[in-house]
Amino acid sequence: MNYYELIFKRKSFHLFRGTEGKISEAELQQLEDFISTVKPLDNEIKTKIRIVKENETTCKRGAEYCIEFYSENKGNYLRNIGYIGEQIDLYLAEKNIGALWFGIGKPDKTEVEGLNHVIMIAIAKMPETSFRKDMFKSKRKPLEEIWKGAVLPFSNIVRFAPSACNTQPWIVENTGSELEIYRYKKPGKRGIMPAEKVRFYNRIDMGIFMFFLEVCLEHEGYAVNGSQIFEDEPDEVEKVLAAKYILEKN
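For clarity, every value in this text was computed on a predicted model and none was experimentally measured.

### A word on unusual backbone geometry
Notably, Glu 113 is not glycine yet its phi reads approximately 55 degrees, a positive angle. Looking at where Glu 113 falls in the secondary structure, it is placed in the loop between strand 4 (111–112) and strand 5 (115–125).

Pasting the structure below:
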């Protein structure tokens, strides 16, 4: 599977209209098999992923199923869920299964095997024509707002990572030898979500962004195994160092 090409195809289906039949049992099994292979950001954090019918949750977006994510609450668990979930998001696009990261939904079970529910992704089978045809028409922050220093070939691609309420809470600083990745919250700026929810979802967003970045780095021939991941700040601050990636070609 070419994750890089799927970046251009994926989109968020805020409502599932014009669905194309049901997700077959074979497709569900393939999805389960894929989920068993996803790479976590942190191997030390226990997670659990379940697939349930949408009507077993409070999600009412016309989806057929919801993928529920559970985790122990420690370290960078929210980033870890974002990182894992975005692999699934891109896989679903390849299979023409529409997806929506759905943060406000209530699951059928708030706890599974001692792990707490974090977030869900709603899914439904969609026509291939309903996926994104021109990613660059999507609304995103201008490159100069999220990227500092020398621009790389993929700089304009990675900014299309999905985020809660399109907040795009990241800044990349290219020092020349490495990329420094920050979670950024503009002082005083508030969207439609309460501040504590913004902090919660933006930490998930950072995991999504970091997976996008790693896909782009690998596409351009850079190594990603020399990355450093840093612990997030427990309190709200304007700018938090999340990771460093060495700019070194394979």
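### Here we look at the sheet that holds strand 6 (residues 147–148)
With mixed pairing, five strands are arranged side by side in an open sheet as 6-7-8-10-9. Edge positions in the open sheet fall to strand 6 and strand 9 (228–229), since each of these has one partner strand only. Alignment of strand 9 against strand 10 (residues 239–246), held across two bridges, turns out to be antiparallel. Bridge assignment links Ile 229 to a residue of strand 10, and that residue is Ala 243. In the packing of helix 6 (residues 195–219) onto the sheet, contacts are made with strand 7 (170–174), strand 8 (178–184), strand 9 and strand 10, and the angle to strand 8 comes to roughly 160 degrees.

### Here we look at helix 2 (residues 25–35)
For helix 2, the complete set of buried residues consists of Glu 27, Leu 28, Leu 31, Phe 34 and Ile 35. All buried residues of helix 2 fall inside an arc of 120 degrees around its axis, so they share one side. Against helix 1 (3–9), strand 1 (47–53), strand 2 (65–71), helix 3 (77–94) and strand 5 lie the buried residues of helix 2.

### Structural notes on helix 3
Between its terminal C-alpha atoms helix 3 stretches 26 Å, which fits the 26 Å expected from 18 residues at 1.5 Å a residue. Counting buried residues in helix 3 gives 17 out of 18 residues, a clear majority hidden from the surface. Looking one or two residues beyond helix 3, the residue adopting positive phi is Asn 96, at roughly 60 degrees.

### A few points about the packing of helix 3 against helix 6
At a minimum axis separation of 7 Å, helix 3 and helix 6 run at an interaxial angle of 50 degrees. Viewed along their axes, helix 3 and helix 6 adopt a mutual orientation that is oblique. Where helix 3 crosses over helix 6, the two elements pack in a sense that is right-handed. Contacts between helix 3 and helix 6 involve Tyr 77, Leu 78, Arg 79, Gly 82, Tyr 83, Glu 86, Gln 87 and Leu 90 from the first element and Phe 200, Arg 203, Ile 204, Met 206, Gly 207, Ile 208, Met 210, Phe 211, Phe 212 and Glu 214 from the second.

### Some thoughts on the nonpolar core
Core analysis: the biggest nonpolar cluster contains 82 residues, and Ile 67, Ile 88, Leu 92, Ile 123 and Leu 179 have the highest contact counts within it. Ranked by the residues each element gives to this core, the list is headed by helix 6, at 13 residues. Contacts of Leu 179, omitting those with residues within four sequence positions, involve Trp 147, Leu 152, Phe 154, Val 172, Glu 173, Asn 174, Leu 213, Leu 217, Ala 243, Lys 244, Tyr 245 and Leu 247.

### Some words on the pattern of salt bridges
Here the structure, examined in full by the defined rule, presents 16 salt bridges. Its salt-bridge partner being Arg 10, residue Glu 86 comes within 3.8 Å of it at the nearest N-O pair. Residue Glu 86 is located in helix 3, and its partner Arg 10 is located in the loop between helix 1 and helix 2; the two are separated by 76 residues in the primary sequence. Each of the two residues, Glu 86 as well as Arg 10, counts as buried. Salt-bridge contacts for Asp 89 lead to Arg 10; the nearest nitrogen and oxygen are separated by 2.9 Å. With Asp 89 in helix 3 and Arg 10 in the loop between helix 1 and helix 2, this residue pair connects regions lying 79 residues apart in the sequence.

### Overview of the packing of helix 2 against helix 3
Between helix 2 and helix 3, the least distance of the axes is 11 Å, while the angle of their chain directions is 150 degrees. Two packed elements cross with a definite hand, and for helix 2 against helix 3 that hand is right-handed. Taking contact as the criterion, the partners of Gln 30, Leu 31, Phe 34 and Ile 35 in helix 2 are, on helix 3, Gln 87, Ile 88, Tyr 91 and Leu 92. Its residues assigned to classes, the contact of helix 2 with helix 3 shows six nonpolar, two polar and no charged.

### A word on the environment of Tyr 70
Among the structural elements, Tyr 70 can be located in strand 2. C-alpha of Tyr 70 to C-alpha of Asn 156: the two residues are 86 residues apart in sequence and 32 Å apart in space.

### A word on the state of the cysteines
Here, disulfide denotes a covalent bond that connects the sulfur atoms of two cysteines. Counted by the stated rule, this structure contains zero disulfides. Summary of cysteine pairing: Cys 59 is not part of a disulfide, and the nearest cysteine sulfur, belonging to Cys 66, is at 4.3 Å. Using a relative accessible area of 0% as the deciding quantity, one classes Cys 59 as buried. According to the relative accessible area criterion, Cys 66 is buried, its value standing at 0%.

What counts as what
Residues numbered from 1 in each chain as written. Predicted model: local features only at pLDDT ≥ 70, side-chain atom pairs only at ≥ 80, totals over all residues. Heavy atoms only, no water. Helix = DSSP H or I, 4+ residues; strand = E, 2+ residues; numbered from the N terminus. Pairing = 2+ DSSP bridges. Contact = heavy atoms within 4.5 Å. Axes fitted to C-alpha atoms, helices over the stretch in contact; angles between N-to-C directions. Buried < 20%, exposed > 50% of the residue type's maximum accessible area, 1.4 Å probe, protein only. Arc of directions from axis to C-beta. Expected span 1.5 Å × (residues − 1). Parallel < 35°, antiparallel > 145°, perpendicular 65-115°, else oblique. Left-handed = near helix turned anticlockwise from the far one by under 90°. Core = buried A, V, L, I, M, F, W, Y, C linked by side-chain atoms within 4.5 Å. Salt bridge = Lys/Arg side-chain N within 4 Å of Asp/Glu carboxyl O. Nonpolar A, V, L, I, M, F, W, Y, C, P; charged D, E, K, R; others polar. Disulfide = S-S within 2.5 Å.

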